[in-house]
Amino acid sequence: MTLKLNDHYLQKFIRPDEYQGMRGAVTAAHEALISKTGAGNDFLGWTSLPDDYDKQEFARIKVAAEKIRNSCDVFIVIGIGGSYLGARAVIEFLKSPLYNQLNGTLPDIYYAGCNISAASLNELLAICEGKDVCINVISKSGTTTEPAIAFRVFRALLENKYGKDGAKDRIFVTTDRARGTLKSFSDAAGYETFVVPDDVGGRFSVLTAVGLLPIAVAGIDIDALMQGASDARRDYACPDIDKNDCYRYAAIRNILYRKGKVTEILVGYETYAQMFNEWWKQLYGESEGKDGKGIFPASVIFSTDLHSLGQFIQDGTNNQFETVISIENSGTGFEIPVDPDNVDGLNFLSGMDLDAVKKTAMIGTLLAHEDGGVPNIVLELCDRSAHSMGYLIYFFELACAISGYILGVNPFDQPGVEAYKKNMFALLGKPGYEEQKAALEQRLGLN
């Protein structure tokens, strides 16, 4: 089994009849998703994506990835939110957060357009100095501020270095299939383009070209990734929460939410899980946080954060629960050496594998947090492979949709994200925002 939900550390917090009480809501959510009658039903392309993806584009992604690997030292992925988080999460989870130091002959991969930081941009430009560079700009429209600025900068860098004809062979664009500023510009410039599907929202897009091209550049088996997602789709087709761990997870989240557990902390025990946690936070935060509702998504890496947030989780406001991802077969190990002088008093650990110590720390933490009144869901992932990663991605995407429907929100829109953009555009003087600019300046006491 690729993934198993362990509910042992929930038994003090959820009664059997509470699971029974969720069956109707889970079934209704399942039917709304399958029949495509629920809110946001025009953004459900991700549900069938593991099997119904564009095979011709998939083949082009592999060819482009090989071309990028053979022609550059540095590969810049330009995008924000779901346009870069999924790819970075998968690359660091399956390879390493130190990928650029350990990648051998593969290109270094950096990320731009995911912030508004002059310091970050200048540092990336310094890294590119004297290097062969390729870029992949990912944007549905091409007019989102952060990636548009980064694309403007790196396009100029490539054109100055290689000329326009040379640059076009190093610029890869993932955008709308047929319309939008970026699509029109790319077609005119002769860039190779890949598709952001109309029916797949950004935070659900990691298994499209949005995520697959950078993932393939990093040398990861994207066939195995898609197969894992396909297997998860098959395994989670039944709405019975006794047989479907994905739906059971969605039900548990809502049971705990109704008990006042309004924060979910995703727990990883490996540093390579940190960016996956960031992807997960966007998926759930943007999907469920609306209409005055939602479980706040937070994350930690243990045991590191046990020495910072551990105190709060154990003895703080007690309004949170934890979801722990446990990698059952890590595929690596390290034997703790003997110290002849036993200076640190830890010779009782000598000869033990560090991974076994980590798992013991996890069990000790689970028991302590259970005693502290913190429910824990444990997701046991069989290994650290591309197949398992694809399986886990689909698990969380599907659970997010079901959980959102149970919560009574549209999991596929993000109206709140637009608010800051409108204010920023107005204050910066974008044409068409004059009235809003005047109102904001009045609020700020500027006129």
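What counts, and at which threshold
- Residues numbered from 1 in each chain as written.
- Predicted model: local features only at pLDDT ≥ 70, side-chain atom pairs only at ≥ 80, totals over all residues.
- Heavy atoms only, no water.
- Helix = DSSP H or I, 4+ residues; strand = E, 2+ residues; numbered from the N terminus.
- Rg over C-alpha atoms; globule rule 2.2 N^0.38 Å.
- Buried < 20%, exposed > 50% of the residue type's maximum accessible area, 1.4 Å probe, protein only.
- Contact = heavy atoms within 4.5 Å.
- Areas by Shrake-Rupley, 256 points an atom, 1.4 Å probe, with all protein chains shown as cover.
- Lys, Arg positive; Asp, Glu negative; His and termini not counted.
- Charge placed at Lys NZ, Arg CZ, Asp CG, Glu CD.
- Phe/Tyr/Trp six-rings, centres within 6.5 Å; stacked < 30°, edge-to-face > 60°.
- Lys NZ or Arg CZ within 6 Å of the ring centre and 35° of its normal.

Turning to the overall build of the protein, a few remarks are in order. Each helix and strand in the protein was counted, giving 17 helices and 10 strands. Radius of gyration (C-alpha) of the protein: 23 Å, near the 22 Å computed for a compact globule of 447 residues. Projected onto its principal axes, the C-alpha coordinates of the protein cover approximately 65 × 60 × 55 Å. Here the protein holds 447 residues, and the buried ones make up 51% of them. Pairs at least 24 apart in sequence give 77% of the contacts found in the protein among residues at least 6 apart. On the protein, roughly 19700 Å² of surface is accessible, and the fraction owed to carbon and sulfur atoms is 52%. Side chains of the protein give 43 positive and 58 negative charges; the mean places of these two sets differ by 6 Å.

Quick look at the packing of aromatic side chains now. Inspection of every chain in the model, using the stated rule, returns 24 aromatic pairs. Ring plane angle 50° and centroid distance 5.9 Å describe the contact between Tyr84 and Tyr111, whose orientation is recorded as tilted. Of this pair, Tyr84 sits in the loop between β2 (74–78) and α4 (85–94) while Tyr111 sits in strand β3 (residues 108–112), placing them 27 residues apart in sequence. Accessibility expressed as a relative area gives 11% for Tyr84, which makes it buried. The class for Tyr111 is buried, based on a relative accessible area of 14%. On the numbers, 6.2 Å between centres and 90° between planes, the contact of Tyr284 with Phe396 is edge-to-face. On the criterion of sequence distance, the pair formed by Tyr284 in helix α12 (residues 274–288) and Phe396 in helix α15 (residues 386–407) is long-range, its members being 112 residues apart. Of the residues examined, Tyr284 reaches a relative accessible area of 0% and is grouped as buried. Assessed through its relative accessible area of 0%, Phe396 is described here as buried. Connected via pairs of aromatic rings, a cluster forms that spans Phe93, Tyr236, Tyr249, Tyr272, Phe276, Trp279, Trp280, Tyr284, Tyr391, Phe395 and Phe396. The ring of Tyr53 carries Lys55 above its face, with NZ or CZ at 4.2 Å from the centroid.

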